[in-house]
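Each chain, written out:
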Amino acid sequence: DAAIYLFVRVARLGARYILLLAEDRTESYRLEEVRRDFVANISHELKTPIGAVGLLAEALVSASDEPEQVKRFAKRLTKESERLARITQEIIELSRLQATDALTRADLVDIDHVVAVAIDQNRVVADSHRINLVSGGDAGAEVFGDETLLVTALHNLIANAIQYSPEGSRIGIGVSQRDGIVEIAVTDQGVGIPEDELDRVFERFFRSDPARSRNTGGSGLGLSIVKHVVQNHGGDIRVWSQPGNGSTFTIRLPEANRAVGASLGAHA
Ligand code: ADP
């Protein structure tokens, strides 16, 4: 784990001296490893839905004179291709976020608006499960950042909360402002996360066994996208959970300092 990669160059300086140049390449080796893992994981994750699409297409052809069968296979085909499209979209999003630590835009973002949009985007699915989305807390919080990315992050947290919650339950989205920090907490009454998996849920492609076996159609990329967005905004994300009782994911972001922002803007 603690290996250091040194790139060493040796040169002779005349008869009496040797010049040794050592360059620490640990970070670039690590990044290369991360990239290789990512590509390997992508290939693995895409194989399953692509294989399923192929099999379903074959099944459709051979069932062509049985309308009921055709309907059933076509439905599953649609579902698998939607899943494929979603995973691809998430992979693109994540690799874009991983490519840079810096934000390409930093506007003054109204958190109430972010919450309203993210809730709106999840409303139809929540309603179909009779899940109540309730928002509240401090109004008027602002941060500097990329509104679209922040909406994506909160959207993912709410979508997960819905995904892993029972029919008729409640999901709270609370905003609070304290000591220069804006906190957005998403609390559900769902299945929860076992303690030994709490650290791992933010890893790329990580899905817990129950999630996999319920075949919820996820990719295991949602939370790692959230983590990247939050880190790019200079914030962090925490999770608290009690298996069987629910989970709370809390995003913490530095509150916008209008004075600093204004002077930055003036020099930009
Ligand atoms: P996905 O939901 O596509 O599987 P995520 O990266 O969003 O991928 O989440 C990773 C895993 O974390 C999920 O598979 C699930 O096991 C767990 N998880 C995430 N959010 C919740 C939640 N609100 N309640 C319970 N488990 C969750």
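Calculation criteria
Each chain has its residues counted from 1, following the order in which its sequence is written. Confidence filtering applies because this is a predicted model: local features only for residues at pLDDT of at least 70, side-chain atom pairs given and counted only at 80 or more, and all residues used for totals across whole chains, interfaces and linings. With hydrogens and water excluded, all non-hydrogen atoms of the structure serve as input to the side-chain values. A cutoff of 4 Å decides nearness: a residue is near a molecule or strand if any of its heavy atoms lies inside that distance of it. Polar contact is defined as a pair of N or O atoms within 3.5 Å, subject to the rule that within protein one atom must be able to donate a hydrogen and the other to accept it, and that residues adjacent in sequence are counted only when both atoms are side-chain atoms. The method behind every accessible area is Shrake-Rupley, applied with a 1.4 Å probe, and residues are considered shielded solely by the protein chains displayed. Counting from the N terminus, the helices are DSSP H or I runs at least four residues long and the strands are E runs at least two residues long. The classification used treats Ala, Val, Leu, Ile, Met, Phe, Trp, Tyr, Cys and Pro as nonpolar, Asp, Glu, Lys and Arg as charged, and all other residues, Gly among them, as polar. Working rule for helices: expected span equals 1.5 Å times residues minus one. Working definition: with a 1.4 Å probe on protein chains only, accessible area under 20% of the residue-type maximum means buried, over 50% means exposed, and in between means partly exposed. A pair of strands is treated as paired once DSSP finds two or more bridges between them. Every axis in this analysis is a line fitted to C-alpha atoms, fitted for helices over the stretch in contact. Angles between the N-to-C directions lie between 0 and 180 degrees. Working rule for contacts: check all heavy atoms of both residues, and any pair within 4.5 Å makes them a contact. Salt bridges are defined by distance alone: a side-chain nitrogen of Lys or Arg within 4 Å of a carboxyl oxygen of Asp or Glu.

Draft legend 1. Spotlight on the site of the ligand. Close contacts around the ligand come from 20 residues, with Asn160, Asp188, Arg207, Ser208 and Ser219 the closest. For the ligand, an oxygen atom lies 2.5 Å from a polar atom in the side chain of Arg207. In the environment of the ligand, an oxygen atom lies 2.9 Å from a nitrogen or oxygen atom belonging to the backbone of Leu223. Contact with the protein chains covers 96% of the free accessible surface of the ligand, which is 530 Å². Of all the secondary structure elements, the ones that give two or more residues to the shell around the ligand are helix H4 (147-163), helix H6 (222-232) and strand S9 (246-254). Here the shell around the ligand is built from residues that sort into ten nonpolar, eight polar and two charged.

Draft legend 2. View of H4. With 17 residues, H4 extends 24 Å from end C-alpha to end C-alpha; this agrees with the ideal 24 Å at 1.5 Å per step. Regarding H4, the residues found buried are Leu149, Leu150, Val151, Thr152, Ala153, Leu154, Asn156, Leu157, Ile158, Asn160, Ala161 and Ile162. Near the N-terminus of H4, the side chain that reaches the backbone nitrogen of Thr148, with its oxygen 3.0 Å away, is that of Asp146.

Draft legend 3. Molecular detail of the sheet that holds strand S8 (residues 236-242). Taken in spatial order, the five strands of this open sheet run S4-S6-S7-S9-S8, and their pairing is mixed. Two strands in the sheet have a free side with no partner beyond their single neighbour: strand S4 (132-137) and S8. With strand direction ignored, the average angle separating the axes of adjacent strands in the sheet is 15°. In this sheet, S9 lies alongside strand S7 (residues 181-187) in antiparallel orientation, the contact comprising seven bridges. From the neighbouring strand, Glu183 faces S9, where its bridge partner is Arg252. Helix-sheet contacts for H4 involve S4, strand S6 (170-178), S7, S8 and S9, and the interaxial angle to S7 is about 25°. Here H6 sits on the sheet in contact with S8 and S9, set at roughly 25° to S9.

Draft legend 4. Structural view of the pattern of salt bridges. All told, the structure shown has seven salt bridges when counted by the stated rule. Across the pair Glu183 and Arg178 runs a salt bridge, and its minimum N-O distance is 3.7 Å. We note a salt bridge from Arg238 to Asp236, for which the minimum N-O separation is 3.5 Å. With a relative accessible area of 44%, Arg238 lands in the partly exposed category. Taking the relative accessible area as the measure of exposure, Asp236 reaches 26% and is therefore partly exposed.

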